[in-house]
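Spelled out, the chains give:
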Amino acid sequence: MNIFVINAGSSSVKYQLFKMPAEKPICSGLIERIGLPDSIITHKIFSNGEENITRAELPLPDHQMALLEVVKLLTEPGIGIIQDPAEIGVVGHRVVHGGERFSETTIISPEVKEEIKQLISLAPLHNPGNFQGIEVAEKLFPHATQIAVFDTAFHQTMPEKAFRYAVPTNLYHELGVRVYGFHGTSHKYVAEKAANYLNKPEAKIITIHLGNGCSIAAVKAGKCIDTSMGFTPLDGLIMGTRSGAIDASVVFYLASKAGLTVEQIDILLNRKSGMLGLTGFSDMREVQKARDAGDADAHLAYEMYAYRIQKYIGSYVAALNGLDALVFTAGVGENDALTRELVCSNMTFFGLQIDLNKNAERSSELREINSDAATTKILIIPTNEELEIANQCVQLLA
Ligand SMILES: Nc1ncnc2c1ncn2[C@@H]1O[C@H](COP(=O)(O)OP(=O)(O)O)[C@@H](O)[C@H]1O
Ligand SMILES: CC(=O)OP(=O)(O)O
Ligand SMILES: [Mg+2]
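Note that the coordinates shown come from a computational prediction; the quantities given were computed from them, not determined experimentally. (Residues numbered from 1 in each chain as written. Chains lettered and ligands numbered in written order. Predicted model: local features only at pLDDT ≥ 70, side-chain atom pairs only at ≥ 80, totals over all residues. Heavy atoms only, no water.)

A. Broad picture of the packing of aromatic side chains. According to the stated counting rule, one finds 7 aromatic pairs in the structure shown. Relative to F150, the ring of F102 lies with its centre 4.8 Å away and its plane at 5 degrees, an arrangement referred to as stacked. You can see F102 sitting in the loop between β6 (90-95) and β7 (106-107) and its partner F150 sitting in strand β8 (residues 145-150), a full 48 residues away along the chain. The burial state of F102 is the same as that of F150; both residues are buried. (Phe/Tyr/Trp six-rings, centres within 6.5 Å; stacked < 30°, edge-to-face > 60°. Helix = DSSP H or I, 4+ residues; strand = E, 2+ residues; numbered from the N terminus. Buried < 20%, exposed > 50% of the residue type's maximum accessible area, 1.4 Å probe, protein only.)

What follows is the structure, encoded as structure tokens:
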């Protein structure tokens, strides 16, 4: 069975076509820097053990435009890998917010689609792109089964003491105000890889997903026990354009003192804060360039970004009562050696000691970057949300 997977993130669209259950990739692609003037498309076709790569740079202002490029790459006569839409039996969609309603992989019916649309207000940077992906795929592959895999699903195992907020109880029961957690597909995928690598199913693992959106999860024996994103993907770590954790009083203050509306504050904290607010750049590669050129704001932003992660590591070691491995993943986590170095500095109390030479090596494989003497493993594990989504689809249909 051929499964096509669409993963729309806040700054990217990733897609992969797999032959399942063999997990054989037929083609894959990444559109990054969506919304910036120089979006980059990388499209790969795999055949007979070889990779055929096409790259292009063009301005893609939003996810809709990005998805149309994907359609072109897949179906255009001459270059397209898909000749007949009937070749695709299933389309798997990453959907970021599943709210209270969706805790498991779900076949997309018109009602499900409508509910995903209703959840847009809770994930304004994500659910619109996820929704557009569903609409595009329904047109392109009208006979395929469309399936949604939710970012929130893996975090459903959190105990109530971790997922509740200390607000009046009726807000939870009546309005679903609670911690949901996101990037679950990625945390699940890398936590399983780490436990297999350690050969320890009961391992205590902290997974750190650092992309444009960033989150951290505490995983014990394969189950999530706590995570940093909350009711929406705004909470927790400092991100590309999101503030992460902030005293809620700042919102009241901005409304009363600066006269901002709720919508303006939403845009401020979700789209204009984080690394962008601190440095003028949302892409970590540009922040690093500025830091290397001596920019004091970029220097401070890196310190803040890493310090926030360190504080969460401390609290999750407490929640887990121990730590077997720390895992870095996603765009920044996999590629930015400086971030990993800063996060692992002065953390010897937790048995964390990085080997700077191993940390500087570039590879797309799972690798260990702790020093030989360290008591806790530090791992880089490339995430593959698309493969995890394809596997979830196979499991649902079985
Ligand atoms: N070589 C690199 N060095 C540092 N950061 C990188 C590198 N490559 C990618 N990134 C960062 O990864 C981020 C995107 O990560 P990704 O996981 O693809 O994001 P998302 O899925 O949240 O859109 C970019 O914003 C960029 O900051
Ligand atoms: C939930 C989230 O922030 O996703 P992404 O990192 O893909 O933007
Ligand atoms: Mg992502």
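Having seen the structure, we can now continue with the description.
B. Focus on the sheet that holds strand β10 (residues 214-220). Sheet architecture is open: 6 strands sit in the order β11-β10-β9-β12-β14-β13, paired in mixed fashion. The sheet is open, and its two edges are formed by β11 (223-227) and β13 (367-368), each paired on a single side. Looking at chain direction, β10 and β11 are connected through 4 bridges and run antiparallel. Bridge assignment links A217 to a residue of β11, and that residue is T227. (Pairing = 2+ DSSP bridges.)

C. Structural detail: the site of ligand 2. Looking at ligand 2, the residues that line it are G9, S10, R94, V96, H126, D151, F182, H183, G213, M229, P233 and R242. A distance of 2.9 Å separates an oxygen atom of ligand 2 from a polar atom in the side chain of R94. Between G213 and ligand 2, the recorded distance is 3.1 Å, taken from a backbone N or O atom to an oxygen atom. About the coverage of ligand 2: the protein hides 94% of its 260 Å² of free accessible area. (Near = heavy atom within 4 Å. Polar contact = N/O pair within 3.5 Å; in protein donor to acceptor, adjacent residues only side chain to side chain. Areas by Shrake-Rupley, 256 points an atom, 1.4 Å probe, with all protein chains shown as cover.)

D. The arrangement of the packing of helix α7 (residues 249-256) against helix α8 (residues 262-271) in detail. Here α7 crosses α8 at 130 degrees, and the two axes come no closer than 10 Å. As far as their axial angle goes, α8 and α7 are oblique. Like other packed secondary-structure pairs, α7 and α8 cross with a definite hand, here right-handed. Packed against α7, whose contacting residues are V251, L254 and A255, the element α8 presents I265, L268 and L269 at the interface. For the contact of α7 with α8, the class distribution of residues is 6 nonpolar, no polar and no charged. (Axes fitted to C-alpha atoms, helices over the stretch in contact; angles between N-to-C directions. Parallel < 35°, antiparallel > 145°, perpendicular 65-115°, else oblique. Left-handed = near helix turned anticlockwise from the far one by under 90°. Contact = heavy atoms within 4.5 Å. Nonpolar A, V, L, I, M, F, W, Y, C, P; charged D, E, K, R; others polar.)

E. Quick look at a nonpolar patch on the surface. On the surface, M1, I107, L396 and L397 cluster together into a nonpolar patch covering about 330 Å² of accessible area. In this structure, M1 sits in the segment before β1 (2-8). (Patch = residues over 30% accessible without salt bridge, like charges linked within 9 Å, V, L, I, M, F, W, Y side chains within 5 Å. Salt bridge = Lys/Arg side-chain N within 4 Å of Asp/Glu carboxyl O.)

F. Broad picture of the site of ligand 1. Neighbouring ligand 1 are 16 residues; S11, S12, K14, N212 and M284 lie closest to it. Separating an oxygen atom of ligand 1 from a side-chain N or O atom of S11 is a distance of 2.8 Å. Between an oxygen atom of ligand 1 and a main-chain N or O atom of N212, the distance comes to 3.0 Å. Surface burial for ligand 1 is 86%, taken as the share of its 580 Å² of free accessible area covered by protein chains. At the level of secondary structure, the elements contributing two or more residues to the shell around ligand 1 comprise α10 (284-292) and α12 (330-335). It is α12 that contributes the most residues to the shell around ligand 1, 4 residues altogether. Of the residues belonging to the shell around ligand 1, the class tally is 3 nonpolar, 8 polar and 5 charged. Residue contributions to the shell around ligand 1 reach at least three from each of two domains, namely domain 1 (2-150) and domain 2 (200-380). (Domains from an automatic or database assignment.)

G. Quick peek at α8. For α8, the full list of buried residues reads I265, L269 and N270. Buried residues along α8 cover an arc of 115 degrees about the axis, so they all sit on one side. Of the surrounding secondary structure, the elements contacted by the buried residues of α8 are α7. (Arc of directions from axis to C-beta.)

H. Focus on the UniProt feature "active site" (unreviewed entry) in the protein. Using the residue numbers shown here, the UniProt feature "active site" (unreviewed entry) corresponds to D151. With a relative accessible area of 0%, D151 lands in the buried category. With sequence-adjacent residues up to four places away left out, D151 is seen in contact with R94, V95, V96, G181, F182, H183, G184 and T185. At a separation of 2.7 Å, a polar atom in the side chain of D151 contacts the side chain of R94. (UniProt positions renumbered as here; feature names shortened; annotations may be inferred.)

I. View of helix α11 (residues 296-320). With 25 residues, α11 ought to run about 36 Å at 1.5 Å a step, and its terminal C-alpha atoms sit 36 Å apart, in line with that. The N-capping residue of α11, defined by a side-chain oxygen 2.8 Å from the backbone nitrogen of D297, is D295. (Expected span 1.5 Å × (residues − 1).)

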